[in-house]
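Here is what each chain is made of, one letter per residue.
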Amino acid sequence: AFAISVVSEDAEDETELPVLQKSEKSRTISKIGRELKGIVFVIQSQSNSFHSKRAEDLKKDILKQAVDLGKESPMVLLTHQIDRHEGAWTILPLMTDFSVTYGRNTSWIFFCEEDTRIQLAKLLETLRRFDKSKEWFLGKALYDEESTIIHHYAFAENPTVFKFPDFAAGWALSIPLVNKLAKKLKSEPLKSDFTIDLKHEIALYIWQKGEGPHLTPVPEFCTDDVNSYKADDCATTFNNFLPLCGEPVNKEDVFVAVKTCRKFHGDRIPVVKQTWEREAALIEYYSDYADISIPSIDLGVPNTDRGHCGKTFAILERFLNRTSPRTPWLVVVDDDTLISIFRLRKLLSCYDPNEPVFLGERYGYGLGTGGYSYITGGGGMVFSRTAVQKLLASKCRCYSMDAPDDMVLGMCFSGLGIPITHSPLFHQARPMDYPKDYLSHQIPVSFHKHWNIDPVKVYFTWLAPNTEESRNGKKVGYNREDL
């Protein structure tokens with residue numbers, strides 16, 4: 001202030017203006033610094049070494065951007081480190097903690113996946129458009145084009161009316177809404193039931209049968225590739241590629257077990273043989289009947305109309321005792337699962353088979369009240385040999401032969417303290433059961449069910465390796481029909 005007061009009138013243009021500009025810049029930096037401190041970033045992370053490193057890398061990138069902008073560092077949380085909740089990945093059980101810890105001094109909770117990429121300055125600019133004192137639920141909107149089983153046929157009359165967020169693009173809750181949800185959870189604990197498609201179920205919970213806010217679509221929340229020409233307008237982008245961490249694992253390192261039964265030998269097994277069987281070097285078909293034309297192996301376990309726990313545990317025992325100890329990976333699939341072993345071998349290059357890995361599409365049961373997570377069987381269940389060894393050594397077994405195998409496995413691994421590892425590239429349902437925009441940034445590994453589709457066509461449209469993909473390992477454009 002003293003320097004400004006003594007300068008001559010002639011020098012004012014050269015000296016006073018830069019000082020004033022610097023002061024204005026400081027005020028701007030201070031304001032943006034407060035804005036950054038007002039955001040809590042929550043990365044939906046996993047404890048597996050591959051995934052935790054990716055989440056840590058994203059955390060470092062967020063903090064580095066803050067430093068580069070000359071701002072204060074925001075709070076960045078990783079869900080797998082919030083170990084008080086078995087169901088931390090389902091987000092809603094965390095709302096009470098978020099409200100207590102951040103309910104007074106912050107403005108937004110911003111959620112993202114480990115592969116979401118954030119342009120911090122653009123994100124701040126985007127959030128400024130919304131009054132932080134009001135209840136906001138922001139994200140990139142997805143919707144069902146037709147009612148689907150994975151959403152319990154919700155909004156059957158017109159499923160397009162209900163929007164839910166694509167987690168890959170990031171999504172945000174204003175603190176007033178977080179506080180409201182925490183209050184609701186205190187008076188009405190979460191139901192002890194299934195978590196199947198988290199993004200849809202969270203949107204339903206927030207909507208509260210029309211009494212809460214709908215998702216507000218934000219065009220700056222994107223799933224375009226970071227190198228896309230569209231990315232300049234995006235606050236978030238998404239690394240939409242199939243992970244590859246070195247050479248794909250060898251064909252001989254993956255043993256594939258197909259669960260079948262006599263009544264499906266004639267219609268489902270031919271589909272497997274026409275599609276993905278050729279990709280597998282080691283494959284066996286396990287049935288209640290030995291059919292030499294397949295050939296199938298009778299495990300001595302009768303077929304059941306419901307769960308197949310007895311059969312699956314017999315497969316695990318056989319894998320451990322009858323296959324080469326040098327075979328590190330086991331894949332268990334249903335006879336109506338369509339899977340790309342070619343892509344799975346790429347994906348498995350990112351995992352350490354010396355860790356107890358149990359990989360696939362994650363569901364949850366009763367996570368609001370303890371419960372457990374599990375890999376849903378239809379999309380395919382992948383085990384490292386180490387995981388199978390630890391499981392069978394534990395003596396954890398089926399409570400009945402027709403218990404649901406995937407849920408029993410989830411209970412067993414949960415009891416052992418071995419977390420399941422989720423990949424969104426495995427799918428319990430058919431391509432038509434997912435929003436097109438959701439699948440557009442995926443290179444899927446599997447789909448399930450043959451209902452009202454041509455499964456061979458689905459395989460060759462969505463999952464079959466082709467020359468270009470084989471050559472450079474990159475995503476290629478498919479002529480995908482409405483399958």
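Only a predicted model underlies this, so the values are computations on that prediction, with no experimental measurement involved.

Conventions adopted
Each chain has its residues counted from 1, following the order in which its sequence is written. Local features are withheld for residues below a pLDDT of 70 in this predicted model, meaning they are given only at 70 or higher, and side-chain atom pairs are given and counted only at 80 or more; totals for whole chains, interfaces and linings count all residues. In computing side-chain values, all of the structure's heavy atoms are included and hydrogens and water are not. Exposure categories follow from relative accessible area, calculated using a 1.4 Å probe and restricted to protein chains: below 20% of the type maximum is buried, above 50% is exposed, and the middle band is partly exposed. In this text, helices come from DSSP runs of H or I with a minimum length of four residues, and strands from runs of E with a minimum of two, each type numbered from the N-terminal end. Should DSSP find at least two bridges between two strands, the strands are taken to pair. Each direction from the helix axis to a C-beta atom contributes to the arc, which is the arc of those directions. Any pair of residues with heavy atoms lying within 4.5 Å of one another is described as a contacting pair. By convention in this document, the label disulfide applies to cysteine sulfur atom pairs within 2.5 Å. Residues adjacent in sequence count toward polar contacts only when both atoms are side-chain atoms; beyond that, a polar contact is any pair of N or O atoms within 3.5 Å, and within protein one must be able to donate a hydrogen and the other to accept it. Note on aromatic pairs: the rings of Phe, Tyr and Trp (six-membered ring only in Trp) are paired at centre separations within 6.5 Å, and the planes decide the class, stacked below 30 degrees, edge-to-face beyond 60, tilted for the rest. Here, the term nonpolar core denotes a set of buried Ala, Val, Leu, Ile, Met, Phe, Trp, Tyr and Cys residues that are joined through side-chain atoms within 4.5 Å. Source of the domain bounds: an automatic or database domain assignment. A side-chain nitrogen of Lys or Arg and a carboxyl oxygen of Asp or Glu constitute a salt bridge if their distance falls within 4 Å.

A. Quick peek at the pairing of strand β20 (residues 381–384). Of the two faces of β20, both are covered, the one formed by M381 and F383 as well as the one formed by V382 and S384. Strand direction decides the pairing type here: strand β15 (residues 329–334) and β20, joined by 4 bridges, are antiparallel. Of the residues in β20, the one forming a bridge with V331 is V382. As paired elements, strand β17 (residues 358–360) and β20 share 2 bridges and run antiparallel to each other. Looking across to β20, one finds that F358 is bridged to F383.

B. Inspection of the sheet that holds strand β3 (residues 108–113) at higher detail. Strands sit in the order β2-β1-β3-β8-β5-β10 across an open sheet of 6 strands; the sheet is mixed. The open sheet is flanked by β2 (75–78) and β10 (216–217), the only strands paired with a single partner. Note that strand β1 (residues 39–44) and β2 share 4 bridges and pair parallel. Note that in β2 the partner of V42 across the bridge is L77.

C. The arrangement of helix α4 (residues 95–102) in detail. Of the positions making up α4, those classed as buried are M95, F98, S99 and Y102. Viewed end-on, α4 has its buried residues packed into an arc of 105 degrees, placing them on one side of the element. On its buried side, α4 packs onto β1, β2, β3, β8 (171–174) and α6 (175–187).

D. Summary view of unusual backbone geometry. That bond from I294 to P295 is cis: its omega, -10 degrees, falls within 30 degrees of zero. Note on placement: P295 falls in the loop between β13 (282–287) and β14 (296–298). With a phi close to 55 degrees, H152 is a non-glycine residue in the positive phi region. As for its position among the elements, H152 is in the loop between β6 (141–142) and β7 (164–165). Looking at H152, the relative accessible area reads 56%, which means it is exposed. Although it is not a glycine, F155 adopts a positive phi angle of roughly 55 degrees. Following the sequence through the fold, F155 ends up in the loop between β6 and β7. A relative accessible area of 25% means that F155 is categorised as partly exposed.

E. Here's a closer look at the sheet that holds strand β18 (residues 362–365). Strand order in the open sheet formed by 3 strands is β9-β18-β19, with antiparallel pairing between adjacent strands. The open sheet has two edge strands with one neighbour each: β9 (194–195) and β19 (372–375). Of the strand pairs in this sheet, β9 and β18 are connected by 2 bridges, and their pairing is antiparallel. Considered in β18, the bridge of T195 is made with G364.

F. Spotlight on the state of the cysteines. Taken as a whole and assessed by the stated rule, the structure comprises 4 disulfides. Note on cysteine connectivity: C222 is disulfide-linked to C234, with sulfurs 2.1 Å apart. Taking the sign of the S-S torsion, -95 degrees for the link of C222 and C234, the bridge is left-handed. Of the two residues, C222 is situated in the loop between β10 and β11 (236–238) and C234 in the loop between β10 and β11; the sequence distance between them amounts to 12 residues.

G. Representation of the side chain of H448. Within the secondary structure layout, H448 lies in strand β22 (residues 446–448). In this structure H448 comes out as buried when scored by relative accessible area, which is 3%. One polar contact links the side chain of H448 to the main-chain carbonyl oxygen of Q428, over a distance of 3.0 Å. Not counting residues up to four positions away in its chain, the partners in contact with H448 are D334, D336, T337, G378, G379, H427, Q428, A429 and R430.

H. Focus on the packing of aromatic side chains. Applying the stated criterion across every chain yields a total of 23 aromatic pairs. With 6.5 Å between their ring centres and 55 degrees between their planes, Y434 and F447 make a pair best called tilted. Residue Y434 is found in the loop between β21 (421–422) and α13 (436–439), and its partner F447 is found in strand β22; the two are separated by 13 residues along the sequence. Grouped by ring-pair contacts, the aromatic residues F98, Y102, F111, F137, F167 and W171 constitute a single cluster.

I. Structural context of the nonpolar core. Formed by 83 residues in total, the largest nonpolar core has its most connected members in M95, F98, L173 and L344. Tallying contributions element by element places helix α7 (residues 198–207) first for this core, with 6 residues. When we break this core down by domain, the ones giving at least three residues each are domain 1 (34–238) and domain 2 (251–465). Other than its neighbours up to four places away in sequence, L173 contacts M95, S107, W108, I109, F111, W136, F137, V178, L181 and I206. Within the second largest apolar cluster, 28 residues are counted, among which are Y286, L316, F358 and I418.

J. Layout of the pattern of salt bridges. A complete count under the given rule lists 21 salt bridges for this structure. The shortest N-O distance in the salt bridge between E145 and K436 comes to 3.8 Å. Residue E145 is located in the loop between β6 and β7, and its partner K436 is located in helix α13; the two are separated by 291 residues in the primary sequence. The partly exposed category is assigned to E145, whose relative accessible area is 49%.

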